[in-house]
Amino acid sequence: MKIRIVLLAALCGLLACAPAAAKSHAPVKHAPAKKAEPAADHETVNVPGKVIKEPNAFHGTKWGTPMAAVADLKVVEKDGQAAYATVEGVVYRIADAFLSNVVYGFCQDKFAAVMVEYKGRKAHDAIRKFLEAKYTPALEVEGRPDDLGWPIGNVLIRMEFSKEKDSGTLSYFYQPLYTACAGPGGTATQ
């Protein structure tokens, strides 16, 4: 008990002396205050040399768009809370590469992913150059130069190319929505 009282008294004494001690010293000049930077937008990614906006859509369809709002969709598979759909007769293009077999992924009825195929090494190289110019250099997945990724904010972009098939896939995953349906049966794994 005596120790607590002594410690409390010492603490009070220090607190009482601190303002007096501060007044006895000459004021210190401080560097001009920096202007507060605006809060980072959740759709930007800081990369040395540039600020990148994460993709908020794929060919005009924004992440989170309800399935019913996308015209001409044909559901090709359902798996738990996940649904996969295509649009017949639409041709997509990135850079000089034409994309085929476009599959939209919906989680809990919200647009969360897209997977497309392309043919040939030339298309693979064109898409890669386009994405690297727009975002950042690709990251190789496990040291495989034809398995690439771009983690851009909440969006993960993946490219995989098969030399044997001379074709590849390009995928965009909007993590905040896709993750809930990423496990077996269209549900997140625990």
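Notes on the structure in this doc start here.

1. Section: the pattern of salt bridges
Reasoning step 1: Counting across every chain of the model gives six salt bridges.
Reasoning step 2: Residues Glu 132 and Arg 128 are paired through a salt bridge, measuring 3.2 Å at the closest nitrogen-oxygen approach. Taken together, the residues Glu 132 and Arg 128, both in helix α2 (residues 121-134) and four residues apart, mark about one turn of the helix.
Reasoning step 3: Residue Glu 132 is classed as partly exposed on the basis of its relative accessible area, which comes to 24%.
Reasoning step 4: Accessibility expressed as a relative area gives 23% for Arg 128, which makes it partly exposed.
Reasoning step 5: A cluster of three or more residues bridged by salt bridges with shared partners is formed by Glu 142, Arg 144, Asp 147 and Arg 158.

2. Quick word on the nonpolar core
Reasoning step 1: Ranked by internal contacts, the top residues of the largest apolar core, which has 39 residues, are Phe 58, Ile 127, Leu 131, Trp 150, Ile 157, Leu 170 and Tyr 172.
Reasoning step 2: For this core, the elements supplying multiple residues, two or more each, are β6 (82-87), β7 (92-94), β8 (97-107), β9 (110-119), α2, β11 (144-152), β12 (155-162) and β13 (167-174).
Reasoning step 3: Setting aside anything within four residues of it in sequence, one finds Ile 157 in contact with Pro 55, Leu 131, Tyr 135, Leu 148, Gly 149, Trp 150, Ile 152, Leu 170, Ser 171 and Tyr 172.

3. Considerations on the state of the cysteines
Reasoning step 1: A complete count under the given rule lists one disulfide for this structure.
Reasoning step 2: There is a disulfide in this structure between Cys 107 and Cys 181, and the S-S distance comes to 1.9 Å. Disulfide Cys 107 to Cys 181: torsion about the S-S bond roughly 75 degrees, handedness right-handed. Within this pair, whereas Cys 107 is found in strand β8, its partner Cys 181 is found in the segment after α3 (175-178), the two being separated by 74 residues in sequence.
Reasoning step 3: Relative accessible area serves as the criterion here: at 2%, Cys 107 is assigned to the buried category.

4. Here we look at the environment of Phe 111
Reasoning step 1: Within the secondary structure layout, Phe 111 lies in strand β9.
Reasoning step 2: Between the C-alpha atom of Phe 111 and that of Phe 58, which follows or precedes it by 53 residues, the distance is 9.7 Å.
Reasoning step 3: What Phe 111 contacts, discounting residues up to four positions off in sequence, is Phe 58, Thr 61, Lys 62, Trp 63, Gly 64, Thr 65, Tyr 104, Gly 105, Phe 106 and Leu 177.

Calculation criteria
- Residues numbered from 1 in each chain as written.
- Predicted model: local features only at pLDDT ≥ 70, side-chain atom pairs only at ≥ 80, totals over all residues.
- Heavy atoms only, no water.
- Salt bridge = Lys/Arg side-chain N within 4 Å of Asp/Glu carboxyl O.
- Helix = DSSP H or I, 4+ residues; strand = E, 2+ residues; numbered from the N terminus.
- Buried < 20%, exposed > 50% of the residue type's maximum accessible area, 1.4 Å probe, protein only.
- Core = buried A, V, L, I, M, F, W, Y, C linked by side-chain atoms within 4.5 Å.
- Contact = heavy atoms within 4.5 Å.
- Disulfide = S-S within 2.5 Å.

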